[in-house]
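The residues making up each chain are set out below.
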Amino acid sequence: MLHIIRERLHQKYRTLDYPRVQPGLPARYPGRPEILAVHCGDCRACADACPTGAIRLLSPDAPGPGGADSGPALDMGRCLFCGACARACPQGGIRFTGDHHLATFCREDLILTRVPRPLTPPRRSGRLFARSLKLRQVSAGGCNACEADINVLGTLVYDLGKFGIDMVASPRHADGLAVTGPVSRNMREGLLATFGATPQPRLVVAVGSCAISGGLFRDNAECSNGLEELLPVDVFVPGCPPHPWSILDGLLRARTDTADWTV
Amino acid sequence: MVLDYEQSVALADVPVMSAEELRQEVLEQVRDGGRLLALFGLPGNGGAGLCAIVAHSGDRFLRAMRTAPLTQYASLTPDCPQAHLFERELWEQWNILPEGHPWLKPVRFVPHGCLTATPGERPGPAQLTHYRVDGEEVHEVAVGPVHAGVIEPGHFRFQCYGENVMHLEISLGFQHRDVERRLLGGPHPAHARLMECVAGDTSIGHATAFATLLERLAGVTIPERANRLRRLGLELERLANHTGDLGAIAGDTGFLPTSAWNGRIRGDFLNLTAEVCGNRFGRNWVCPGGVSVDVDAELCARLLDRLRHCWRDVREAVKVMFASASVMDRLEETGEISADTARTLGLVGVAARACGLARDARFDAPLSCLPLCETQIRVEKGGDVLSRARVRSRELADSVDLACTDIQALSHSEGAICQPLPDRLPAGRLAVAQVEGWRGEICHVGLTDAQGRLACYKMYDPSFHNWAGLEAALRGQQISDFPLCNKSFNLSYCGHDL
Ligand code: SF4
Ligand code: SF4
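Residues numbered from 1 in each chain as written. Chains lettered and ligands numbered in written order. Predicted model: local features only at pLDDT ≥ 70, side-chain atom pairs only at ≥ 80, totals over all residues. Heavy atoms only, no water.

Some words on the side chain of serine 246 of chain A
Residues and elements named next belong to chain A.
Alright, step 1. Looking at where serine 246 falls in the secondary structure, it is placed in helix 7 (residues 244-253).
Alright, step 2. For serine 246, a relative accessible area of 0% corresponds to the buried category.
Alright, step 3. Here the side chain of serine 246 touches histidine 100 through a polar contact of 2.8 Å, landing on its backbone oxygen. (Helix = DSSP H or I, 4+ residues; strand = E, 2+ residues; numbered from the N terminus. Buried < 20%, exposed > 50% of the residue type's maximum accessible area, 1.4 Å probe, protein only. Polar contact = N/O pair within 3.5 Å; in protein donor to acceptor, adjacent residues only side chain to side chain.)

Structure representation (structure tokens):
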């Protein structure tokens, strides 16, 4: 017993007082991309470099959200945060900021352009769940990295429980679902049944680029092109996988009713 | 024919035999201690023939054999049980019937091959018959696909007599994303990223296998620095996962200190990986031809310092767990498999080593000539949960040793990290890549067509072999032992379902 206590003292107190204290992330962690105003001309190096087709080049004929009519539109919902676009751009027009706050309430808000715009508020208030939010996690074709980084929120560094948020064993006990993966055809029924078993009102959080857009598995008969094809989604947390802090941030946002930040 | 594991061969040089000859040859090789690395459909003339690859441990030469396209043959499984899943897969993908297969069912429930029935009639996973024990006092327990924890989906059917499990059948396929077929016609640059998502917890393992395969097909040797960086990535992946698994095993015995600490330390190892490549799971670390990230002396010093702290923490956390009588009592003799069963089923990795089989691709098919320092094949005799835990804890020490050596070497040197591959791969060649991921041996097999594009690509995560091991481990156990046994294997669902 004594040696356990001795070791306990050595292992220290490790929980971060998030969000009051913000975590220090590795220098090479990419985080939120930022699109700078450069003159692209005929260049489409970033779009060509992207493994998931997350980038579209805008023009006055084909403008992007918020009315941007030039430069790249980067869809974080399809993005793997691999940085290939930033390396490919000869003018340094795409920059990764290291900011882990990525979640949005609306699919279109994940599309970044050079024109910043206010975030769309949630389609309904999450305040009902402000003190207690129980989620059932469903992996539907997820590669186990998104799942692992949700699971890790239960460890003592993040201590999800102290926010009143828990991952529960049954959809019957849940206020909503946290879905990962491109919704494989073979898991579609299981996902829909789990959703059906969750009492209303219920939230749906899509975690990871697979769940948001199909990610690398897009346009394949065995997968979907995003959870929204099947279920109404309340919160989108992009990344492949999103950093645990991004997921935690997304879950905390799910309980609010305002969107007081910009994309 | 024999081929050096590091070289590719022209498919034309692999002689075509009859199905019976191939069957006899495989059976003979396996009788001599060989292990079936791969048995898959080789596309050609409107159908597919069989292609088998057998490895012998301690021998750098693999045996490759093939047949002309066929529609049925006499199943190998009755004489060579480790062929069971390969044959089900062949049937599922190509509609090639292994006559006499004792339990022929689809593996992943894909809509081609044996399930070519009209759309709408496609059965989903777990919708076909399961093995069933009848009797008045026998009951059946069905679990999944959605489990209680945050975990991938799979379906488990237990045949129980009271608390005792007579048989467990595991039905998978829910995670099928059609990964292999997406590679056909490649390689494309995006495929390196796709490989990192075959099994997200083994990103570096599968990416390394894919890259190694392409390099062998192209006949390219990568720079030594790239080999070091790849090995560092693989060992960090092993450290994180072994740490997590030991914590999970502690958690399932109700020993919370180690469970809590290891959960945190696992994250610290992942964060070390992120220091190098920006991603906790090692995404963007490996690329065909080498690696895409380098480290400088300053980063190396930081990595080394943190690695040593993590090692101290995990070593003591695991020591505390093994010193607890209640943990030991719970782990010992739970979920036993004999060496014979393990050999018969063709288990690999931690699960095989825990039964006394000396199988480790780092020794059997090394990726480079980097010395392995003090590392050994960590073998245990018991075949139980304790042995699987012990193998992991010994391998932690080895991995730290290798990682420290590599970081020091990288810090004192410089050099190229990538040797780009030619735009086009040589035509009509077959190659094999074996990589010891943290679960066990990952095996990829690829074949190019006349234009040098991938005409056939097969990948075998260790889970492909080892799920049957978990089924075997549960026989004669209590159903309440399942979570603990499951954690001691910790297999991948998507790595199996692809
Ligand atoms: S960082 Fe995202 S947008 Fe840029 S190339 Fe990678 S996947 Fe595409
Ligand atoms: S988004 Fe990326 S990490 Fe998440 S399940 Fe998909 S492939 Fe895996």
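Moving on from the coordinates now.
Points about the interface of chain B and chain A
Often, the extent of an interface is quoted as the loss of accessible area on bringing the components together.
Alright, step 1. Each partner contributes residues to the interface: chain B has 60 residues there, and chain A has 57 residues.
Alright, step 2. Where chain B abuts chain A, roughly 4,400 Å² becomes buried across the two surfaces, and 55% of that area is made up of carbon and sulfur atoms.
Alright, step 3. Looking at the side of chain B facing chain A, the largest losses of area belong to Val150, Trp261 and Arg264 of chain B, adding up to 16% of the total buried there.
Alright, step 4. On inspection of chain B and its partner chain A, the count reaches three salt bridges. (Contact = heavy atoms within 4.5 Å. Buried area = accessible area lost by both parts, 1.4 Å probe. Salt bridge = Lys/Arg side-chain N within 4 Å of Asp/Glu carboxyl O.)

Notes on the site of ligand 2
Alright, step 1. In the neighbourhood of ligand 2, the contacting residues comprise Gly142, Cys143, Ala145, Cys146, Gly208, Ser209, Cys210, Gly239, Cys240 and Pro241 of chain A together with Cys197 and Arg283 of chain B.
Alright, step 2. Around ligand 2 the close residues trace back to chains A and B.
Alright, step 3. Elements that contribute at least two residues to the shell around ligand 2 include exactly helix 4 (145-151) and helix 6 (209-213) of chain A.
Alright, step 4. Residues of the shell around ligand 2, tallied by class, amount to seven nonpolar, four polar and one charged. (Near = heavy atom within 4 Å. Nonpolar A, V, L, I, M, F, W, Y, C, P; charged D, E, K, R; others polar.)

Section: the site of ligand 1
Alright, step 1. Around ligand 1, 14 residues are found, and the nearest of them are Cys50, Cys79, Cys82, Gly83 and Cys85 of chain A.
Alright, step 2. Looking at the shell around ligand 1, its residues break down into twelve nonpolar, two polar and no charged.

A closer look at helix 7 of chain A
Residues and elements named next belong to chain A.
Alright, step 1. For helix 7, the buried fraction is high: ten of the ten residues fall into the buried class.
Alright, step 2. Inspection of helix 7 places Pro244, Trp245, Ser246, Ile247, Leu248, Asp249, Gly250, Leu251, Leu252 and Arg253 among the buried residues, and these make up the whole buried set.
Alright, step 3. Where helix 7 is buried, its residues touch strand 6 (133-139), helix 4, strand 7 (165-167), strand 9 (203-207) and strand 10 (235-237).

Points about the sheet that holds strand 3 (residues 71-75) of chain A
Alright, step 1. The antiparallel open sheet is built from three strands, whose spatial order is 2-3-5 (chain A). With one partner strand each, in any of the chains shown, strand 2 (55-58) and strand 5 (111-112) of chain A form the two edges of the open sheet. (Pairing = 2+ DSSP bridges.)

Remarks on the sheet that holds strand 7 of chain A
Residues and elements named next belong to chain A.
Alright, step 1. Taking strand neighbours across the sheet as the criterion, the five strands line up as 7-6-8-9-10 in an open arrangement whose pairing is parallel. Looking at strand neighbours, the two that pair on one side only are strand 7 and strand 10, the edges of this open sheet. The sheet shows a mean angle of 25° between the axes of neighbouring strands, direction not considered.
Alright, step 2. Where strand 8 (residues 176-180) meets strand 9, five bridges bridge the pair, whose relative direction is parallel. Looking at strand 9, one finds that alanine 178 is bridged to valine 205.
Alright, step 3. Against the sheet, helix 7 touches strand 6, strand 7, strand 9 and strand 10, its axis set at about 170° to strand 10. (Axes fitted to C-alpha atoms, helices over the stretch in contact; angles between N-to-C directions.)

By themselves, these observations are geometric and do not establish any function.
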